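Listed below, chain by chain, are the residues.
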Amino acid sequence: MAGIMETKKYFIKMVASVICEQPIPAYHEGINLSKIYNLSSQNAVLSILFLAAKKGNLPLTEEVEKSLKSTYMTNLVRDVSQAEERDYIRGKFNEQNIDYMFLKGSHLKELYPAPEIRYMVDMDVLVQGKDLEKGRKILLERGFTLYADNGKDLIFTKKPCLTVELHQMLFVEDYFMHDYFEDVWQKAESVGNHEYKMSHNDLYVYTLAHLAEHYLDAGSCFRPTMDLFLMEKKLGDKLDFTYINEQFKKIGIEKFAEKIRKLYNCMFADGEYDDDLITMENYIVLGPPVKNAEEAAKAAATKKTKSQRMLETAFPHLSHMRVRYPILKKFPFLLPILWVIRIIHYIFTKDAGITRKREQLKNSDRESTEIMREIFDRSGFLYFYVN
């Protein structure tokens, strides 16, 4: 365990040195380079490891160096391609009078020493519901393929490495943060023509809220934590934390937000740790310490029993089903029929994600739930339940 903690400590210092443009920390034999690579891959910062290895002369194998260089070059190509597609979307959406807002990474990557360090797996674009079909048509005509329509987002892909997610809302309708972000367009700042963006304050709020969603889902949390640190470091007095903290209170995540702010200053600057922050850091960097983590996280964030959750999985509420089956907005009486269709799909699907969730629900255990609940409690979600 001591070796893992020492390696984790070096990994964080390595990342901090790259994003803050400081000397790479000295390598010593107590550092497990294989684990450093795994942590970099797990937390989607292989480009940072590539730059650190070049500057710090880390003794990586030739095979690993080639793999890192290949990943770095792929991220460079993706970044250039995304910039081209962003310009195309901007031109076409302006031409078609579609109000739009590029989200998250499109703006956050500007805070990094080089944009490929904060590469985007996908490009997120928010439009209003009335313009969703026009946006769909534009992307299909551009050569994208519709990969998925989950009712909240349209997800498009284009070979070799492009993904565009067209959002009509920031959180699904039955999620506890949905209502707060309904007025995102009223708060947005005009960039010109039909393009909008969030203010620095609202981007910070949204980034942390998005992190909270991933945190409660046992998802990937390292990069958003890094983003928040750089927002505070680079934007400085442009952030009004009186306003920001008021928004977190409205959402109900103010204690978590306070702890995350302390944590990223410990990880990437010179803040002082306490036991709760160490627990959070381990969760974010090393991952959840349980099997079937996604299901354990869901169980920890609700008062519902396993039987109730299984029943709800089989027969979701109308508000949830409307996201996946928009026809229910006009014809809610079709709900029982769509329940049957959904169950059949759920049972016989070969989709890896659905299969994994089904197995996790079946194999979830009380001990894992209690471990996750303690983590959430120590992270500022004490007595906090998503539903």
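Anything mentioned here points back to the structure above.
So, here's what we can say about the structure. In this text, all values refer to a predicted model and were calculated from it rather than measured experimentally.

Quick notes on the packing of helix 8 (residues 200-216) against helix 11 (residues 254-268)
Part 1 of the argument: Axis separation between helix 8 and helix 11 bottoms out at 11 Å; the angle between their running directions is 95°. Looking at the two axes, helix 8 sits roughly perpendicular to helix 11. In this structure, helix 8 contributes Tyr-204, Leu-208, Leu-211, Ala-212 and Tyr-215 to the contact, and helix 11 contributes Phe-256, Ala-257, Ile-260, Arg-261 and Tyr-264.
Part 2 of the argument: Residue composition of the contact of helix 8 with helix 11, grouped by class: nine nonpolar, no polar and one charged.

Looking at the layout of surface pockets
Part 1 of the argument: Volume-wise, the second largest pocket comes out at about 370 Å³.
Part 2 of the argument: Surrounding the second largest pocket, 19 residues form its lining, Ser-106, His-107, Leu-108, Glu-110 and Lys-197 being those nearest its centre.
Part 3 of the argument: Of the residues in the lining of the second largest pocket, the class split is nine nonpolar, four polar and six charged.

Quick notes on empty space enclosed by the protein
Part 1 of the argument: The final tally for this structure, using the stated rule, is one cavity of 30 Å³ or more.
Part 2 of the argument: Of the voids in this model, the largest cavity is the one considered here, and its volume is about 90 Å³.
Part 3 of the argument: Lining the largest cavity, in full, are Leu-170, Tyr-180, Phe-181, Asp-183, Val-184, Lys-187, Ala-188, Met-198, Ser-199, Asp-202, Val-205 and Tyr-206.
Part 4 of the argument: At the level of elements, helix 7 (184-187) and helix 8 are the ones that each hand at least two residues to the lining of the largest cavity.
Part 5 of the argument: Its residues assigned to classes, the lining of the largest cavity shows eight nonpolar, one polar and three charged.

Some points on the packing of aromatic side chains
Here the distance between the centres and the angle between the planes together describe a pair of aromatic rings.
Part 1 of the argument: Under the definition given, this model contains 24 aromatic pairs.
Part 2 of the argument: Seen from their ring centres, Phe-171 and Tyr-206 are 6.2 Å apart, and the 75° between their planes marks the pair as edge-to-face. Of the two residues, Phe-171 is situated in the loop between strand 5 (162-167) and helix 7 and Tyr-206 in helix 8; the sequence distance between them amounts to 35 residues. Accessibility classification places Phe-171 together with Tyr-206 in one group, the buried group.

Observations concerning the pairing of strand 6 (residues 189-192)
Part 1 of the argument: Relative to strand 7 (residues 195-197), strand 6 runs antiparallel, the two sharing three bridges. When the bridges of strand 7 are listed, Gly-192 appears paired with Glu-195.
Part 2 of the argument: Here strand 6 folds back onto strand 7, and the loop between the two strands holds two residues, one of which, Asn-193, carries a positive phi near 55°.

About the cut-offs
Residues numbered from 1 in each chain as written. Predicted model: local features only at pLDDT ≥ 70, side-chain atom pairs only at ≥ 80, totals over all residues. Heavy atoms only, no water. Axes fitted to C-alpha atoms, helices over the stretch in contact; angles between N-to-C directions. Helix = DSSP H or I, 4+ residues; strand = E, 2+ residues; numbered from the N terminus. Parallel < 35°, antiparallel > 145°, perpendicular 65-115°, else oblique. Contact = heavy atoms within 4.5 Å. Nonpolar A, V, L, I, M, F, W, Y, C, P; charged D, E, K, R; others polar. 1 Å grid on protein atoms, 1.4 Å probe; cavity = no way out; pocket = protein on both sides within 12 Å on 5 of 7 lines; lining within 4 Å. Points joined across faces, edges and corners; volume = space filled by probe spheres on them. Phe/Tyr/Trp six-rings, centres within 6.5 Å; stacked < 30°, edge-to-face > 60°. Buried < 20%, exposed > 50% of the residue type's maximum accessible area, 1.4 Å probe, protein only. Pairing = 2+ DSSP bridges.

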